[in-house]
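Spelled out from the first residue to the last, the chains are:
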Amino acid sequence: MPVEVLIKTVFILIVVVAALAPVITWIERKQSAVMQDRIGANRADVGGITLLGLLHPFADVVKLLSKEDVVPEGANRIMHLVAPVIAAVPAVVAYAVIPFGGVYDFGGEPLSLVVANPDWGLLYIFAIGAIATYGTVIAGWSSNNNWSLLGGMRASAQMISYEVTMGLSVVGIFMVFGTLQLQDMAQAQDTTFRVFGFLEYLGLHLPPWLGRFPFVLPAWGIFLQPLSFILFLTTIMAENKRPPFDMPEGESEIIAGYHLEYSGMRFGLFFMSEFIEVVVIAGLVATLFLGGWTIPWISQEAFIGAVAPIFGVGFATGLCLVVHFASFMVKVIVMIWLQMALRWTLPRFRYDQVMDLCWKIILPLSIANIFVTGAVMLLVRGQP
Amino acid sequence: MVSGTDGETLLRWIPLVPLLAALLHGVMIGVVRRSTPRWAVIAISCGAALLSFVFSCVAFFHLVQLPPEGRVLLDSIYTWIGAGIGDTRLAAEVAFRLDPLSAVMILVVTGVGFLIHVYSVGYMDDDHRDDRGFQRFFCYLNLFTFSMLVLVLADNLVLLFLGWEGVGLCSYLLIGFWYSDRFNAYCGSKAFIVNRIGDFGFLIGIFLIFKAFVDVGVPASLAFADIRQNFESISGLSVAVPFWGASMRLVDLIGLCLFVGACGKSAQIPLYVWLPDAMAGPTPVSALIHAATMVTAGVYMVCRMSFLFAAAPVASAVVAWTGAITALLAATIAITQTDIKKVLAYSTVSQLGYMFIAAGCGGYTGAIFHLVTHAFFKALLFLGAGSVILAMHHEQDIGKMGGLRRKIPQTTLVFGAGVVAISGFPPFSGFFSKDEILVTAYTAHVPGHLWLYAIGLFTAGITAFYMWRLFFLTFWGESRVPAELRERIREPSGVIVNPLWVLAVLALVGGLIGIPQIYGGWFVGPDQASHSLNNFLAPLLPEAEPHLLEHSTEWLMAFAAVGIAALGQLAAYVLYVRRPRVSRWLAANLPTYHRLVTRKFYVDEIYDRLIVRPLVHLSDAVLFRRVDAGLIDGLAVNGTARGVRAIAANGLKYLQSGLTQGYVFMMIVGTLAILGYMLG
Amino acid sequence: MVPLEHVIGLSAILFTLGVIGVAIRRNLIVMLMSIELMLNAVNLAFVGFNRVWPEGPAGAAGAERALDGQIFVLMVITVAAAEVAVGLGILISMFRNRDSVNVDDVSLLKW
Amino acid sequence: MTFPAFLFYTFAALAVLSAVAMLMNVRNTVAAAMSLVITMVALAGIYVLLEAHLVAAIQIMVYAGAIVVLFLFVVMLLNLRSDDFAPPRQRLVKLVGALLGVFVMSELLRAFGGLPEFRPPPEGFGGYRQVGIALYTDYVLLVEVSSLLLTAAIVGALILAKRKID
C-alpha cells in the first residue's frame, strides 16, 4: 500500500509544487499586466530566450536563495524561524486529499487517482487550514515589530472567523452528495441532471425534448449549489488572505504585515505557501463545484464504452485517465485565472468590512442555504 | 325529650336585636367618630331592649300554647363548628332553644334589662361627659344583653359557653367603664381574671362530657337534648383521680368541673372576691349584671344540667355546702360594711349561696324561683342605692348619710319595699322563695341537710339584720350629712324613680307566681302538688320530686323564718336607731372580731399573698428572667450566633485567603481524598 | 494495537501534568492552558474507553449507542471552548484592573 | 511492534514532552501555547489511532485551531511579555506540586487493571456518519443545550472583555 501512495505523493509534489507554483508567480505578473495593458515581466532570459517571462520564477527563486536571511533583533529566534514552515507545510499537505483522477481498474485492484481518501476527507482540509493560522500568528508575533504584530492579529482574527463560515458554506454540498470524501463527490458529479427535472416531482409530465442537450447539465456542484459556490469561494480566498482580503499584508497601512521582518528564502517560503494555497483552492473548488476530473456530459463509463471497441479496454481506460486528468488540470487553471482576475479587479476590503462580511453576510446566507437545500431535498427525495 | 317545633324564626331575633343596636353604636363610635345626638342613642338602645322584651313575651305565649310535654321551640341557624368525621363528629350549631326554663330566664333578663336601660338613661345623664362615653355605655349594655340572651337561649354547651364568655367580657368592659381611674380598671381586670379561672373549670367539664361520649361510641353532640338522651350510657363510667388514688364516678367529676365554672360566674366561695370590687362600675351595671342576670348564669347552668347533677350525689353535696358556707360568710361580712353598694354586693353573694343550696338539694325549681324574685328585689335595691348616690352627689358611705327620708321620700319608700322583700316578710316575694329553699334543704337527702337548714335559717336572720341596719343608717336617725351637702340633696328626676316603682311592685308581687300549695296556689290545679312555677318547669326538671312534708311542719317552718327575720329587724332597729351608742360600744370592746369582719376576713389579702404574689414572682423572676431571657434568648439564640461567629473567626477565615493557588491546592487534596476513598 | 492500560496511563500522566501546572504556575493564562490540558487528558480517556466498549456497557441498547464516549468528548470540547472564552474575558478585565496577569495580585476578593 | 503501536508511542511521547515543556516554559507564554498546540495535535493523532476520526478532526479544528489561537490572540492583545517564577516560597509549592503529581498518578494507575482487550471495531465506527446520526437522534437535547451554553459564553465573554464605554 505505501508504494502506490508514494508514487502518487511524488506525482502530486512534482505537478503542484514544482510545476504550478512557480508558474503561478508568472501568471500573476503576466495576467495583471495584460489586464492593465502593459507587457509584464519578460526580462529574465537564459541565453537571450525570454519565453515570455516564464523564466522569471526561477530568477526569483535564485534571487531569494542568495539574499541574506535577517532575523530582527529582540525577536524570538526559534519562533521566527519556525513560522514560515508552519505556514507552508499545511498548504502542501492539503493536496493529499484532492482527487486528480477517477477510479480505474487496470486489472487487479482499482487505481484511485488520489493520494489518500480518508473517511473524513474535507474535514482534513479544514483541519489543515486551522493549523495554517499559526504560521501567520507566530510570524506576526515573533518578529518583535508592532506592524507585524498588528498584521498577525488581523490574520488570526480573519482566518478564525472565515474557518467557521467556510465549514458552513460547504455543508450544502455535503448534503447534496451525502459524503465527505472528495473522490466520492467527484464520482457523484460524473452524471447529468435535467434542469427542470424537479418539476416532475410536482406531478407535471415533462415532454421528452426537455431531456436533451440544452436542458441537461452535468451534475456539478456549481449548478446544484450555486450560492454555496460563491460563498465557499469567497471564504476560502479570505482564508488564504488573497488580495481582495489581504489586510494582513495590507501594503498601504502596515507595510507587509506579518512577513514584514522576513527576507530571503523564508520570505520566499511565505510567498510559495500562498501560491500553493491558490492551487489548493483551485483544486478544491474544481473538485467540489466543477466536477473535478469529470468530463462534462460524458460519464466515465460512456467514454470507456465509446473508446473501448476501437482501441480495446486497457487503452480506453488509460485514455480515459489521461483525459480526466486533463479536464481536472483545465479546471484548475481556469480557477487560478479567476483568482488572479479577482485580485486585480476588486479593491481591498477595510478590516471591519471583512469581519462584517464574514459574520453578518456569509454566515446567515450559508445557514439559509443549508435550510433551503434541506427543504428541497426533502421535497425531491423524500428524505434528506 | 320530644323534639320541639322547629323553624321558630322569631327566636333568633331576640338576641339579634340588641346585637344590631350594639353594632350600630360600635360603628358610630369607631367608624363615624362624630358624636351621635343623645336622643338617637337612647332611642336605639332602649328601643332594642323593649323590642327584644316584646319578642320574648310573644315567644313565651307561643310556648305556653304547646302541650306541657312538648314545650320546646327550636331555631337552628347554621352549623358553627363541624369537626371530625364518623362518630367522633362534633357538630355545634348556632341554634336557639326555648323551653320553660329559658323562657323564665329571657323574661327576667329582657324585662329587668329594659327597666335598667330606662334607669341608666337618667343615671348616666347627669355625669355624662361630652366624649362618646354615653354611647359607649349603651353599646356595652346592649352587647351584654345579647350575650346573656345567647347564653340563656343556647341549644348546646358550646353556644352557652360563647354567651358565658360574652357576658364575662361585657362585665369587664362595664366595671372598668370609667377606665381613667386606675382602681376601676384594676377591678375590671380582677373580675375578668377570676371569671376566666371559673371558665377554665367549665371548659374542662365540657371536654370531659365530649370525651366520655366519644369513649362510649355515642355520636358526640353537645346539644342538651342529646346529652340528656345518651346520658345513661356514660353515667356508669368511673375515673381514677390521679393524686387521690380513689376512683371517682365520672359524672361527679364533670359536675364538679361545671360547678367550678358556676362559682366563677356566680361568685361562690373560692371565686367570689371579684363581685364586691365590681361595685366600682356604674350602679345600673351593678344592678343589671351583678344582681339580676350575669351572676345567675351559674345557677341557670346548674339547673340546665340538672339531670347530670341529680345523678351525681357528691357534686350536689358540694354545691349545697359551698352555697351554704358562702351565704353565711357573705352575710357576716355584710354586717360591718359601710359602703352602700358593698353591702348589697355581699347580700347578692349570700342570696346566690341560697340558690346553690336549693340546687344542691335537688330543689332546682326553688333555685330558679329564688333567682327570679332575687332579680327583682336586688335590682330594685341597687337602683334605689343608685338614686341615693345621685341624690348625695356620689357619696356612697352610709356613715355620712342618715335621716334622708325627709329629703328623698320616694326613694325611701321604694328602697323600704326592697328591704322588706329581701328580709322575707310574709306577703312579699322574698318570704316565699326563701321559705321554698329552706323546705327543700330540710327535706333533702344531702348528708347533713339539717345543718344546711339551720345555716339557711340563721343566715336569713343575719340578712334581715344587715338590710335593716342599712335602711336605718341611710334613711332614719339624725342626719350625718356634711353641712355643705345637706341643702343640695333632692329627689332624682322621674326617669330614675319611675322604673323603681315598677320594680317595687314586681318585688312585692313576684312571690305570687310560686306560692306553695299550702297557701292555696291561685292557679294550682286539683292534682298538682305544689305551686305553679314548679309545675311550669316540671317537664323540664323531672328530678324535682314534690315535698313529702305534711302541711303542719311547713306552717311551723314558715313561722320560724318570719320570726327570725323580725328578730333581725328589731336588733337592727335597737342598735342603730334607739341606742346608736350600743353599736359603738360593741365595736369598741370586740375589737378583734370587729376588725376581722370589716376587713372581710382578710380574704383578699390571703389570696394576694397565697396566689397572686407567688404567681407574679414565678412568671417574672423565674419564667421570664431565667427561662425566657436566659435560656431561650441567651443560650439558644444568641448562644448559637456567638458560636458560629467564633467558629468562623478562628477557623473558616483562613480558608478564604484569596490566593487562587491555595484554592487549587485544597481542590486537589479534596479530589485525592475522594479518589483514595473510592479506589481504596 | 496498544493495550488500553497504556492509553489510560497516558491520560493519567497528562492529567497530572495539568494539575501540577495549575498548582504551580502563577500566570493565569498558563493555568487556563493547563486546565485545557486536563480536559484533553479526560477526552483521551473517554475515547480510549469508548474504543474498548463499542457497544456500550454490557450491551447497551443498539449499536448507535456505541458512540457515547465520543459524543461526550464533543460536549467536553464545547464546554472547554465556552470556558476558555469566559476565562479569557475574565483575564482581560483582570489585566485591565491590575495591569498584571499574575494570580496572586487578585487576592483581595474585590477589584 | 506494529506500525500503529509505534505511532501511538511517538504521539504519546510527543504529547507528554510538549506538556512538560508548557509547564516549565516560564519566559515565553507564546512558546507555552505552541507546546500546548503540539500536545493537542499529538492527541488528535492518537484519536485517529483509536478509530475516533471525527473527534480527531474536531479536536484539531476546534481545540488546536481555535482555542489556542484565542490564547495567542489574548496574549498578543495584552502584549504580555514574560512571566517569572514566584519567589522561593513558590519553590516549595512546586515541590509539593510534583509530589502531589506523583501521588495522583500512582493512585490513578493503581486503580486500573483488568481492562478488556481491544477488539476490532464495528464498521464505520467513529466516522462522521455514525457520530452525526447518534448526535441528532439520541443526543438532540445535548446539542440544543450546548448551543445555549455557547451563546451564554459568548455574551459573558463580551461583557467581561468589552471596554466600559459609558
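Predicted model, so just to flag it, every value in this text is computed and none were measured. (Residues numbered from 1 in each chain as written. Chains lettered and ligands numbered in written order. Predicted model: local features only at pLDDT ≥ 70, side-chain atom pairs only at ≥ 80, totals over all residues. Heavy atoms only, no water.)

Participant: Can you tell me about the overall build of chain C, naming the residues and giving the values?
Facilitator: A count of helices and strands for chain C gives three helices and zero strands. When the helices and strands of chain C are read in sequence order from the N terminus, they spell out α-α-α. Relative to its full complement of 111 residues, chain C shows a buried share of 63%. Restricting the contact set of chain C to residue pairs at least 6 apart, pairs at least 24 apart contribute 53%. A total of about 3,600 Å² of accessible surface is found on chain C, and carbon and sulfur atoms cover 70% of it. (Helix = DSSP H or I, 4+ residues; strand = E, 2+ residues; numbered from the N terminus. Buried < 20%, exposed > 50% of the residue type's maximum accessible area, 1.4 Å probe, protein only. Contact = heavy atoms within 4.5 Å. Areas by Shrake-Rupley, 256 points an atom, 1.4 Å probe, with all protein chains shown as cover.)

Participant: Summarise the interface of chain D and chain C; cite the residues concerned and give the values.
Facilitator: The partner chain C presents 71 residues to the 84 residues of chain D that form the contact. Taken over both partners, the interface formed by chain D and chain C buries close to 7,100 Å², and the fraction arising from carbon and sulfur atoms is 78%. Put simply, chain D and chain C have zero salt bridges between them. The interface formed by chain D and chain C contains three residue pairs in polar contact (both at pLDDT 80 or more). (Buried area = accessible area lost by both parts, 1.4 Å probe. Salt bridge = Lys/Arg side-chain N within 4 Å of Asp/Glu carboxyl O. Polar contact = N/O pair within 3.5 Å; in protein donor to acceptor, adjacent residues only side chain to side chain.)

Participant: Describe unusual backbone geometry, listing the residues and the values that go with them.
Facilitator: The phi dihedral of Asp 37 of chain A is positive, around 55 degrees, even though this residue is not glycine. One can find Asp 37 of chain A in the loop between α1 (2-35) and α2 (56-66). Despite not being glycine, Glu 51 of chain D has its phi angle at roughly 60 degrees, a positive value. Structurally, Glu 51 of chain D can be placed in the loop between α2 (29-49) and α3 (53-78).

Participant: Outline the packing of aromatic side chains, listing residues and values.
Facilitator: Under the counting rule described, the total for this entry stands at 27 aromatic pairs over all chains. Centre to centre, the rings of Phe 229 of chain A and Phe 289 of chain A are 5.3 Å apart; their planes meet at 70 degrees, and the pair counts as edge-to-face. With Phe 229 of chain A in helix α9 (residues 226-239) and Phe 289 of chain A in helix α11 (residues 264-289), this residue pair connects regions lying 60 residues apart in the sequence. Pair check on accessibility: Phe 229 of chain A and Phe 289 of chain A agree, each one buried. With 6.0 Å between their ring centres and 65 degrees between their planes, Phe 177 of chain B and Trp 178 of chain B make a pair best called edge-to-face. (Phe/Tyr/Trp six-rings, centres within 6.5 Å; stacked < 30°, edge-to-face > 60°.)

Participant: Summarise the packing of helix α16 (residues 364-391) of chain B against helix α21 (residues 494-509) of chain B; cite the residues concerned and give the values.
Facilitator: How two helices sit against one another is set out by the angle between their axes and by the gap between those axes. Residue and element names in this part refer to chain B. Packing of α16 against α21 brings their axes to within 9 Å, and their N-to-C directions diverge by 155 degrees. One way to sum up the angle between α16 and α21 is to call them roughly antiparallel. Handedness of the α16/α21 crossing: left-handed. Judged by residue contacts, Phe 376, Phe 377, Ala 379, Leu 380, Leu 383, Gly 384, Ser 387 and Leu 390 of α16 engage Ile 496, Leu 500, Leu 503, Ala 504, Leu 506 and Ala 507 from α21. (Axes fitted to C-alpha atoms, helices over the stretch in contact; angles between N-to-C directions. Parallel < 35°, antiparallel > 145°, perpendicular 65-115°, else oblique. Left-handed = near helix turned anticlockwise from the far one by under 90°.)

Participant: Which residues make up the pattern of salt bridges, and what values do they have?
Facilitator: Counting across every chain of the model gives 13 salt bridges over all chains. Arg 350 of chain A is the salt-bridge partner of Asp 352 of chain A, the closest N and O atoms lying 2.9 Å from each other. Classification of Asp 352 of chain A by relative accessible area gives partly exposed; the value is 35%. A salt bridge links Lys 190 of chain B to Asp 277 of chain B, with the shortest nitrogen-to-oxygen separation between them at 2.6 Å. Taken together, the residues span a long stretch of sequence, with Lys 190 of chain B in helix α6 (residues 182-216) and Asp 277 of chain B in helix α10 (residues 274-277) at a distance of 87 residues. For Asp 277 of chain B, a relative accessible area of 10% gives the class buried. Each member of the salt-bridge network shares a partner with another, and the members are Arg 97, Asp 99, Asp 155 and Arg 304 of chain B.

Participant: Quick one: what's the story with a nonpolar patch on the surface, residue by residue and with numbers?
Facilitator: All names here are of chain B. A contiguous nonpolar patch, built from Leu 615, Leu 618, Val 622, Leu 623, Val 627, Leu 631, Ile 632, Leu 635 and Val 637 and spanning about 760 Å² of accessible area, is present on the exposed surface. Within the secondary structure layout, Val 627 lies in helix α26 (residues 603-650). Under the relative-accessibility criterion, Val 627 is labelled partly exposed at 35%. (Patch = residues over 30% accessible without salt bridge, like charges linked within 9 Å, V, L, I, M, F, W, Y side chains within 5 Å.)

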